[in-house]
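Summary of structural features
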Amino acid sequence: MHIVKPDWLRHTLAGELRDHEVYSCDVSPDGKRLVTAAGDSYVRLWSTESVYRSLDGDYTGPKQLAALSNHSGTIHSVRFSPNNKYLASGADDKIVCIYGLDPTPPAQTQTFGSNEAPPVENWRVLRRLVGHDNDVQDIAWSYDSSILISVGLDSKVVVWSGHSFEKLKTLSQHQSHVKGITFDPAGKYFATCSDDRTIKIFRFYSPPPNATAHDQVSNFMLEQTISAPFIGSPLTTYFRRCSWSPDGLHIAAANAMNGPVSSVAIITRGTWDSAINFIGHEGPVEVCSFCPRIFHKDKTDPSVEHHQPSITVVACGGQDKSLSIWNTSLTRPQVITQALSGKPISDLCWSPDGEKLFVTTLDGGILTVIFEPGELGYVAPLIENDKALSRYGAGRKAGIVEGPEALLLEEFSKADELKGVQGRMGELMGDSGTQIVVNGNSGPTTNGTTPATNGTSNAMDLDKPSQSVPEPKVNQLKQRVEIVGGKKRVKPLLISATTAPISNLPQTQLVANTTQSLRVGDGPHAVLDLSKPYDGLPKGGLTGLLIGNKRKWADITADEEKRTEKRFGASVKDGAAPLLINGENGLVPPSMVDRALLTAPPVINPALVTSQMRLATPVLRSVILRTADGSDPAKAGETEATSDVVMLEARNATGPSRTGRAQDRDPTRINCTKQGISLWQDYLPRPVSLVTGNSHFWAAGCEDGSLYVWTPAGRRLLNAFILEAQPVIMDCRGWWLMAITAVGQAHVWNIKTLSSPHPPVSLAPIFDVAVLSGGPHLSATPGIAFGRLNSNGRIIVGMTNGDGYSYNPGMFVWQRLSEQWFAVGSQYWNTTDSAISNIQASAPNGTSHDDGDDEFISAENISAGIIPLLERNTTAQTLLRGRAYFLQRLIKQLLVAEGFEGFEANVSVAHLENRLAAAMALGAKDELKIYLMMYAKRIGAEGLKAKIEELLRTLLGDIFDEDGTEVKPADVKAQGWNTKEKEILGWNRMDLLRDVVLILGKHRDIQRLTVPYSRLLGVGEERLPIEDANMKE
């Protein structure tokens, strides 16, 4: 090992007598350039060959290649991109500059006001990235150059696109200055080091070149926070530059502590623990740098397979001005150089070959440590790096679970796939045991040899060189050329009806075409490059082939010279794609089209043509949110990290088309998150208009009428539902899913049983009633205020005219549960009644709902509260808006009119009976008892003996006939009130009967009806209190 320090390798401005502090250095991927950054605001590029040959007097090549002064302050970090295309620098002016090498030679003149020598290479500033609020301390590129990350004293981690240099995301997880950043060579993680005494590991996937900030919301997620090795670490270091090992297994973390001693913590991948520490530095370590190459202890022949253990080498430096070099094969440092400089070491970087180390110090020194071959070990081939990183999914586009189980599963999958490939190849090559069909005859193999065909052995055919068989494509092209009149002409080529591709490989003669045509392959028949137009059909497809693509321009007023047509035609010649509207009379520019025509629904289903019903479609929003528990999503600016609510987000495309065609929109991204962490993602080719879901499933409705269902883990549970029109209302309760389409069809499915309780039902009857009830006077068109499901899969619809409906699947009819008639005429119309609004959610069997119950997941998945909800809607739509003004006048006049003396009482009783029937139909257990007690009080006060007797007999269940004989159960099972079961909607019949008898017992005029029931129940023997305290008087 020897150290090289040329006297000309420094940052010194002309006329100054001191060297500026050098804060960073890096070597280009090709090893030809060294770049340094210092306090003189210059980025200087040097020839590495001139450094290596600094003692060679015969060297006449350039030394300094360029000096770039584009920052207004001290430059803290400079890094080459791994693809050797860009150079990035970050400084205390809060700016990150991106440079590119211009192939044109630079001007051989000095910059005005500068004494710098003319540059050898022409480096230009391509972008200036503004995203930090304080000094930029460190920057790093991902190993595929897809992203650039900068960190700074503003505690921010800013992610930039490595292609467009657009800011993709800002991470603010750190609580103090961020002073270091390193990337996982496998391309799965990156780590940031901060003065908050933590290292944070972020998981990411490489974004595509056209990625935007909206696409990367769920990318760059926090994976792990490591704080144990840094407890008590000093905050006086200028940097905390960590490094990731080339095999992806370890992170070398600077400025760690092992008790009271400064150390370098070695963090193990996966477990993220730090059982290994490098101890020896007397001061805090500021920078660590792993050598990019893997070493072997012994020299090996690359052509011979070997099994030597891999060795990684790391260099460390810091405030004690010493350099130490460690490797994984020794327990002590391999190299220690003390007092290497007069001030702390600021940065370290290795050459691509792994045998040179560049060191920068704050006293202005730039040193090169050159190792002899074999001194650190023998450099292993680059294939060893790839093999080591393949364990963590490097080189694969798809993600992989890092664990032995996942790797074992992958090996079995590959073995099974290889077995299938070998079987197919054996059949093609005519292996023994394969029955071959030749000319329609089947003949078995004999002694492992295949039968001869047409007198020629198959082996001879296989031995013929492939060059002797002309390629079919070449023959076709030759046959298309003909000479007519001394000129070459190309014949038209017939478009074949088959879609099978023509293989470029030599075709075997052993398998007949009939066998190949009958075989179904595992993969697609052809792979089409969709980025290029398919030349089989013209641009307009089959329609363009038949009737042509040309469309005449419409006659534009005051444009007799057709200037508009010429202007658009000229733009097409330049390669542009102008936007034109295909109007009724021809092509016109968009500015000349009535805007009302552009607001038509994006998709018109053929069902819309015949349907007499139209519902307003929801506005296509860019972002749609839905929580699993039905609560409101967090508002903008509020943190989601403290909430355990699972949220589904549908993000539709908002930007222009990437292909130039309006129909080629970006797919819709479906993202499920919890506490800001993405649980799963999916993409839909069509814009999403509605989403819904709970803890059982998620569902999304698209504008083309399709509906998708996912499990909570993101697995597509069913194939897409194709509805007759776009869904306008979606809701779910438990395992039930409802969708109401734009043509008024309501669908209900049970996702658990994969069934539907009834065929799609039309909302036309309730709309017809709403239209008729509006009267001849001018009023707003009736519409749907809301659509809901109850826990039994019943459809609940609230109308804008105040009516509320439910569909009865057993009777196949709509039932009206709430209307303004009762709102005006009933004495019991009170939507704020505390006895109803404070109902506790309970299951039909009387037990409270559990979080783990399958059918009752949350408070919204119950039937209790639906009737008050519908009545509140009636109040809001009619009474509060004044729509029932004339009806109220009519009721007031009827109350004093002759012949309507009992009008209000009858309407009130009818209202209670309507509530009872609704509670029974919806299965609302708690509401049923409350309304039953209210109904018993009312009919008792009114003295309606017939209704009282019928109610008592119904509650008793008709177990005795009029002659006292026991009634045998009928063959047909009764439902509702007439059921022969011992319970009615979860309530014991005898308990309900006892409560009703106690309420009616105070009315003497009906005691002849109630006493027999009280005797049967034994009410006179002991005093039984009424269960509901609210029913007491």
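What counts, and where the lines are drawn
- Each chain carries its own residue numbering, running from 1 in the written order of its sequence.
- Restriction of local features to residues with pLDDT of at least 70 applies here, the model being predicted, together with a cutoff of 80 or more for giving and counting side-chain atom pairs; totals for whole chains, interfaces and linings are based on all residues.
- Side-chain numbers come from the whole structure's heavy atoms, not from hydrogens or water.
- UniProt positions are given in the numbering used here, feature names are shortened, and annotations may be inferred rather than shown by experiment.
- Elements are defined by DSSP. Helices are runs of H or I of four residues or more, strands are runs of E of two residues or more, and each kind is numbered from the N terminus.
- In this scheme, a residue with accessible area under 20% of its type's maximum is buried, one over 50% is exposed, and one in between is partly exposed, where area comes from a 1.4 Å probe on protein chains only.
- Only strands joined by at least two bridges in the DSSP assignment are considered to pair.
- Contacts described as polar in this section are N or O atom pairs within 3.5 Å, which, within protein, must combine one atom able to donate a hydrogen with one able to accept it, while residues neighboring in sequence count only if both atoms come from side chains.
- Think of each axis as a best-fit line through the C-alpha atoms, taken over the contacting stretch in the case of a helix, with angles from 0 to 180 degrees between the N-to-C directions.
- Salt bridge, as used here: a side-chain nitrogen of Lys or Arg that lies within 4 Å of a carboxyl oxygen of Asp or Glu.

Turning to the UniProt feature "repeat: WD" (unreviewed entry) in the chain, a few remarks are in order. As annotated by UniProt and renumbered to match this structure, "repeat: WD" (unreviewed entry) occupies residues 22-50, 68-109, 129-170 and 171-202. Helix makes up 10% of residues 22-50 and strand 59%, whereas the separation of the span's terminal C-alpha atoms amounts to 19 Å. As a span, residues 171-202 carries 0% helix and 56% strand, and end to end its C-alpha atoms are 10 Å apart.

All right, on to the pairing of strand E39 (residues 668-674) then. Within E39, six of the seven residues are buried, leaving the element largely enclosed by the surrounding structure. Summarising the sheet, strand E38 (residues 646-651) and E39 pair through six bridges and their orientation is antiparallel. Counterpart to Met647 in the pairing with E39 is Thr673. The sheet contact formed by E39 and strand E40 (residues 677-684) spans seven bridges and is antiparallel. Bridge pairing in E40 links Thr673 to Ser678. The hairpin turn running from E39 into E40, its antiparallel successor, is two residues long, and Gln675 in that turn takes a positive phi close to 55°.

Take the side chain of Glu724 next. Here Glu724 shows up in the loop between strand E44 (721-722) and strand E45 (727-733). Separated by 2.9 Å, the side chains of Glu724 and Thr741 make a polar contact. At a separation of 3.1 Å, a polar atom in the side chain of Glu724 contacts the side chain of His747.

Looking now at the sheet that holds E40. If you trace the four strands from one edge of the open sheet to the other, you get E37-E38-E39-E40, paired in antiparallel fashion. Every other strand in the sheet has two partners, leaving strand E37 (623-627) and E40 as the edge strands with one partner each. Taking each pair of neighbouring strands and ignoring which way they run, the sheet shows an average axis angle of 15°.

Below, the discussion takes up the environment of Leu985. Along the polypeptide, Leu985 turns up in the loop between strand E53 (983-984) and strand E54 (987-988). With 62 residues separating them along the chain, Leu985 and Gly923 place their C-alpha atoms 6.5 Å apart.

Turning our attention to the pattern of salt bridges. Scanning the entire structure with this criterion turns up 30 salt bridges. Residues Arg53 and Asp56 are paired through a salt bridge, measuring 2.8 Å at the closest nitrogen-oxygen approach. With relative accessibility at 30%, the residue Asp56 sits in the partly exposed group. A salt bridge links Asp995 to Lys929, with the nearest nitrogen and oxygen atoms 3.6 Å apart. With a gap of 66 residues between them, Asp995 in helix H19 (residues 989-1000) and Lys929 in helix H17 (residues 925-942) connect regions that are remote in the sequence. For the residue pair Asp995 and Lys929, the accessibility class agrees, reading buried in each case.

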